[in-house]
Structures are given as C-alpha cells and as structure tokens.
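Commentary on secondary and tertiary structure
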Amino acid sequence: MSEVSLQHIEKVYPHSEKKKSNLKVTDEGVLAVQDFNLNISDREFIVLVGPSGCGKSTTLRMVAGLEEITRGELYIDGKLVNDVEPKDRDIAMVFQSYALYPHMTVRENITYTLRVHKLDRAELETRLHSVLEILGLEPYVQRKPRELSGGQRQRVALARALVKQSRYLLLDEPLSILDAQLRVQARKVLVKIHDLYQQTFVYVTHDQVEAMTVGQRVALMNQGVLQMVDTPYRVYNRPANIFTAKFIGSPSTNILDADWADGVLHVQGQQIRLPDCWSWLAERSGEHELCLGIRPEHIRLQAGRAENGLTGTLRYVEDYGNKRGIYVDVGGTEVVCMCNRVPCAPGETVSFQLDSDHLHLFSRTTTNSLGYPDEVTESDDAQWDSREELLSYGTSA
C-alpha cells in the first residue's frame, strides 16, 4: 500500500538561510510550513495548490527527503521516514526545470537511473518502450534536449520518472514552463498516466485550473498553513473559508461585508431577508459580523430594482466573446458578474436576487464558513422547524 501520512509537520528556515515576508517569523526563524497534517491514500492523485511562497514545494521536498523536517512525523507505508535517505523512499520526482542531461539523448536520459542500478537489459528495454509509447516519444529517442520543444522535454522528464516504476511520483510544477495550449494537452497525459500506472501522485502547482482538473483531491495552502483538503467539487462549491472562496475560481468570488440582525442581512446599506435555511445557520453561528460570498457566474442581473435583492450601478463590461464580465458598484464595493446578456447601459441601475443554492456565509472574525444547510446533521437540526426546506436545499445545484 502506497500511503503517505504527514503529522504535525513544520519547517523552519533560520533567518540567515531564507526569508519570506508573507510567512510567519519566529525567534527560531521563518516558519515556512506550520502544523501540516495530511493523509494521502494509496494510488491517490492529490494536488497541493496555493500562491507562490505558501510552502507547497517545501512540503513536497520534505516528502521526497530533499528538505529536512524541523518538527513532526512523516510516514510512508506506516514507516517513520524522517531520517530515511531520498533514494530509499521509493520515490520518483519531476522538477519544474526538467533537469535533463544536455549531452545525453532522450533514450539515455530516460534510462540513466536504470543503467546506474544495472537493471537487466531485457527489463530495461521493456520499460523504455512502454513509456515511449505512452508519451509518444518514439520518434525522438536519438535526439538531445536542445533539439526538443518544451512540451517534448516535459514528456522526457515524465518518462524518466515513470520508467523507475516507483510507487510514488512527486511533481513540482512540471507544466509551468509550457504555454497554455500545451498545458491543456499535458494535463490529459498526466491523468492518463495515473489511470494506467496507478501510482500515488503528489502534484504541486500554483495554477488553480491544473489543481481542479487533474486532482482527485485538492489541498489548498496559504502562508504555510493548510486551508482545506477536499474534492475539486467541494473546494469550489463548499469553500471552508474566505481565502479558499477567493483563491479558487476566476474571476474570484465576490465577498461583501454584511451584518446579521433581527433575521435580516444588512449588506452595503441594503437589507436582504435570507431563506429560512440560511437564517437558521446564521442564528446558530452566534455571529453578527458576516461576509456574504457569491461567485460571478451565479449572479443574474436585471435592469432596475428587484424586491429583496441587491441594487447597484453598472460601471463597465468586458466582452470575452462567449460571455461578458459585468462590473457593478454595490454601495462602494465592486461586484463582478459573468453573464451572456448585458441588461442595461453603463451608469444605469441594476439588481440581482441571491440564489440560495449558491450562497456562502462566512464569519468576518474567523473568516471560516458558517456551513451549508444540506450538510446539517440530525443532531444539528433538532431545533429546525422546516425539515423539508432544509433537505431540499441544494437539489438544483
């Protein structure tokens, strides 16, 4: 079983070695990774994603044994491996720079490790031809890296890692050098490879699209802290906090300050009465200073004013060809909407009602989500008066 468990992992860099202004600084040094806990299942494809400098590559390198763990325990297959050498962890790694030997051919680059370990020639050839076929590299076996495109070099780096047949494949932003079109193709190749080889993949990227399209689970990090771990669907539709809601998705989730009082949500000087299921969550939280979140694609604009809706002024429109980005000023806060139709001209009044299937409520104090009505447990809803509405929430999502 290829399972990896990170328990209370921390990485501290002495001030003289590394300094990141967006990370926590202690007397001991710069805290690059804080109390990181994550269990990676056998044959899982998990993605570590987050902004630059958030600690995701450092975490990956600690799993590989290329970075020393300051505190915490790392287990692979139930064995504590904090002090185990990288070569003894049964791990293959693909780096951002590909790190190919410039004087070697494609064939020599791919088989280098196998030749060093004096693998049987027949087995070497079998493994080589297998990865060449999967990655479409047969025509290039005698070429050297300088004669290859960026996409071809990336495939050679993948082949070199795959041919080892390690149980774990760690990938550190392997597609970041490629252009947008090649990245789309490469993502498909990665998913195909994982389905075929059934290895445990741990993949690092700052690109949220990559994270959401290739990962079975997504682990989102910020400033060395793990923010949320879940499926791409839940990370997008059930963000655990404001950072997750804003980082995942483009354009970003609209976040509006709101105050909850007497069953009414006060947003930018306007009042909205929420559906009972959301009102119950707000009351249960005991919070009065909230943040209302709604994604741009979940807003439907209409000209003029709407009952129990938010009203603003349409400022300008971006035309993307297949859709339009509409920017609305709501009480001094910019709200972005993705629509097919522009309801009125810039400078005119527009409004939108809140779709209860796509709302997000967060505590302004902790920035954490208040939860979602369809996730309330039997014990939680003991005081709920309208069980039918609670259960029906989200059925159209």
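Please refer to the structure placed before this passage.
A brief report on the enclosed structure follows. (Residues numbered from 1 in each chain as written. Predicted model: local features only at pLDDT ≥ 70, side-chain atom pairs only at ≥ 80, totals over all residues. Heavy atoms only, no water.)

This brings us to the pattern of salt bridges. Within this structure, the stated rule accounts for 19 salt bridges. E67 is the partner of R61 in a salt bridge, and the nearest nitrogen-oxygen pair spans 3.6 Å. For R61, a relative accessible area of 27% gives the class partly exposed. Note that R183 and D207 form a salt bridge whose closest N and O atoms lie 4.0 Å from each other. Of this pair, R183 sits in helix α5 (residues 180-197) while D207 sits in the loop between β9 (200-205) and α6 (208-214); the two residues are 24 residues apart in sequence, bridging distant segments of the chain. (Salt bridge = Lys/Arg side-chain N within 4 Å of Asp/Glu carboxyl O. Buried < 20%, exposed > 50% of the residue type's maximum accessible area, 1.4 Å probe, protein only. Helix = DSSP H or I, 4+ residues; strand = E, 2+ residues; numbered from the N terminus.)

A separate point is the packing of aromatic side chains. If you walk through the whole model with that rule in mind, you get six aromatic pairs. A centroid spacing of 5.0 Å and a plane angle of 55 degrees characterise the contact between F45 and F201, whose relative ring orientation is tilted. Of this pair, F45 sits in strand β4 (residues 45-49) while F201 is found in strand β9, placing the two residues 156 residues apart along the sequence. The pair formed by F45 and F201 is uniform in burial state, with each residue classed as buried. A centroid spacing of 5.1 Å and a plane angle of 55 degrees characterise the contact between Y101 and Y112, whose relative ring orientation is tilted. Of the two residues, Y101 is situated in the loop between β7 (91-94) and α2 (106-116) and Y112 in helix α2; the sequence distance between them amounts to eleven residues. One Lys or Arg, K11, reaches over the ring of Y13 and ends 5.0 Å from the middle of that ring. (Phe/Tyr/Trp six-rings, centres within 6.5 Å; stacked < 30°, edge-to-face > 60°. Lys NZ or Arg CZ within 6 Å of the ring centre and 35° of its normal.)

The next point concerns the sheet that holds strand β21 (residues 360-363). An order of β14-β13-β12-β15-β21 is seen for the five strands of this open sheet, with the pairing classed as antiparallel. This sheet does not close on itself; its edge strands, each paired only once, are β14 (270-272) and β21. Taking each pair of neighbouring strands and ignoring which way they run, the sheet shows an average axis angle of 35 degrees. Where strand β15 (residues 289-294) and β21 come together, four bridges link them in antiparallel fashion. Across the sheet, L292 pairs through a bridge with L361, a residue of β21. (Pairing = 2+ DSSP bridges. Axes fitted to C-alpha atoms, helices over the stretch in contact; angles between N-to-C directions.)

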